[in-house]
Amino acid sequence: MLRNKFAIFGLLVLGFFVLVAIFAPLIAPYDPGEIVESETLPPSFAHPFGTDDLGRDILSRAIYGARISLTVGIVAVTIAILIGTLFGAFAGYFGGWVDGIVMRFVDVMLSFPSIFLILAIQAMLTPNIYNVMIVIGLTSWMGVARLVRGEFLKIRELQYVEAAKAIGCSNPRIIFRHMLPNAQAPIIVAATLGMAGAILTESALSFLGMGVQPPMPSWGNMLMDAQAYMRDAPWMAIIPGLLILVTVLSLYFVGEGLREALDPRR
Amino acid sequence: MLQVNNLTTYFYQEDSVVKAVDDVSFSVKPGEILGILGESGSGKSTIAHSILRLIYPPGKIVSGEVIFNGQDLLQLSEEAMIKIRGAKISMVFQDPFTSLNPVYTVGDQIAEAIQLHQGLKRKAAWDKAIQMLETVHIKEPGSRIKDYPHQFSGGMRQRVMIAMALACQPELLIADEPTTALDVTIQAEILNLLKEIQQKFNLSVIYITHNFGIIKALCQNVIVLYKGRVVEKGTVEAVLSSPQNAYTKRLIACLEVLKT
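What counts and how
- Residues numbered from 1 in each chain as written.
- Chains lettered and ligands numbered in written order.
- Predicted model: local features only at pLDDT ≥ 70, side-chain atom pairs only at ≥ 80, totals over all residues.
- Heavy atoms only, no water.
- Helix = DSSP H or I, 4+ residues; strand = E, 2+ residues; numbered from the N terminus.
- Polar contact = N/O pair within 3.5 Å; in protein donor to acceptor, adjacent residues only side chain to side chain.
- Contact = heavy atoms within 4.5 Å.
- Buried < 20%, exposed > 50% of the residue type's maximum accessible area, 1.4 Å probe, protein only.
- Phe/Tyr/Trp six-rings, centres within 6.5 Å; stacked < 30°, edge-to-face > 60°.
- Buried area = accessible area lost by both parts, 1.4 Å probe.
- Salt bridge = Lys/Arg side-chain N within 4 Å of Asp/Glu carboxyl O.

Let us look at the side chain of T8 of chain B. Residues and elements named next belong to chain B. If you trace the backbone, T8 turns up in strand β1 (residues 2-12). Reaching out from T8, the side chain makes a polar contact with the backbone nitrogen of D23 at a distance of 3.2 Å. Setting aside anything within four residues of it in sequence, one finds T8 in contact with V21, D22, D23, K60, I61, V62 and S63.

Moving on to helix α8 (residues 159-166) of chain A. Two residues of an α-helix separated by three or four positions point the same way, owing to the 3.6 residues in each turn. With 7 of 8 residues buried, α8 of chain A is to be regarded as a mostly interior element. Listed as buried for α8 of chain A are Q159, Y160, V161, A163, A164, K165 and A166 of chain A. Check the buried side of α8 of chain A and you find it contacts α3 (58-94), α7 (142-155) and α9 (171-179) of chain A together with β6 (89-92) and α6 (154-166) of chain B. Downstream of α8 of chain A by one or two residues, G168 of chain A has phi in the positive range, about 95 degrees.

With that settled, the discussion passes to the side chain of D147 of chain B. In this fold, D147 of chain B is placed in the loop between α5 (141-144) and α6. Residue class for D147 of chain B comes out buried when judged on its relative accessible area of 16%.

Moving on, we get to the packing of aromatic side chains. Residues and elements named next belong to chain A. Overall, the coordinates contain 12 aromatic pairs over all chains when judged by the stated rule. Their ring planes at 55 degrees and their centres at 5.1 Å tell us that F87 and W141 sit as a pair that is tilted. In this pair, F87 sits in helix α3 while W141 sits in the loop between α6 (129-138) and α7, placing the two residues 54 residues apart along the sequence. F87 gets classed as partly exposed once you look at its relative accessible area, which sits at 31%.

With 27 residues of chain B in contact, the opposing surface of chain A contributes 15 residues. Summing both partners gives a buried area of about 1900 Å² for chain B against chain A, and 59% of it is carried by carbon and sulfur. Of all residues in chain B, F93, Y104 and E112 of chain B bury the most surface against chain A, accounting for 27% of the area lost on that side. Taken together, the links from chain B to chain A amount to 2 salt bridges. Linking E112 of chain B and R177 of chain A is a salt bridge whose minimum nitrogen-to-oxygen distance equals 3.2 Å.

As structure tokens, then:
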């Protein structure tokens, strides 16, 4: 993977953003909610990314926004991977009617236009950051389930699974101890790519006002705030937009790099 | 010790039924090596899997009895069966290249059987695993045990499989073509090892193969399978000297052709 320049670039960018997110209070020059200057100042030496419609420092908001966006991505993907792996593993291992029921459920979930499903759920619940993570997780596990099922269908035909049965392993033990570690490569790749998707969904939700709620900054709701000022203060939209773009792109690069590095055919 | 009566296992397909094992009966005495001889698809592996109840849909054990030490295994609960697999009856498989899990060391895998059945702590189980590697003549077992399967050759892996199968001192070992995937010289080594271990532990063995030569070298009694049915059974000498069935005669004729 280290030979893949794009993946390295992605890894460096992500590493940088993660550090920024972790040390946000130390790095950010201002409090993200504090009104520090007059409104919509263009980028300057004191405010490298300018100020927003309320006179808050955009750099500080972007730094704290990284926290929110990355956390949402990680938590949502963790939920999706857990659910998807569990369903996929059981479906692929047991086959037969278990497989039938689980995969039809996956088909049903996939046929919902997920963004509207999320919006509907968010409209019923209080739209806060925890609900955002959970709802994104609960609506994005189906791809993982299909992937893991496919892997398990393949692995269960291998003789070491039979050998594990023949020494007296129980079904859960075979699934989690013997098969899951052999299916981890595609799951890791799916997690990376899934995180990009989750960050995009969070941004879209926040942009529509159904995600992370003000005054808490996320890249998505910073974009929303920018809507009315596109002409007068384009930096308000360009900065969070670029951050989302670079993060998602980096995740895709890393995901592709991992896919190549973990591919057994190479 | 093992008495198989009228065992019948079918595989159900869309519109047909494959009678993989059809009304098969045989018995294995303590300390005996029984050979099961048959061509590919004759149902020999299905018999092995049926004894351990490792038959999954679309396959089904339709009828029969597998009496092991007075108990009909086909009537046991799955929980009770798990306690028998690996502990009382274990199995060595055909392909040593895929029968070990690539993500665990061989020590982990041998010790797993011991931990599962004998409730030993990890350390004690590992010590026992080292002993087992020594029993199957793997050099420097203390350091080799930390190696992964891909660091072993095919013959060595089959030795590891045998160590794994024997780790809990089972009474019956089912060897499902354990040398088919190996070179001829390695085959001979593995066969010698099996024979040595069989005598050392007074094991009962069911040896499944399509090779009459191996049966001749290893077994006292043999059953010959053809299309899921037993077509010939008896001592190896009797079957070799006066085969009753046309299929067995052809098998023996092949053996003669190869000799000359």
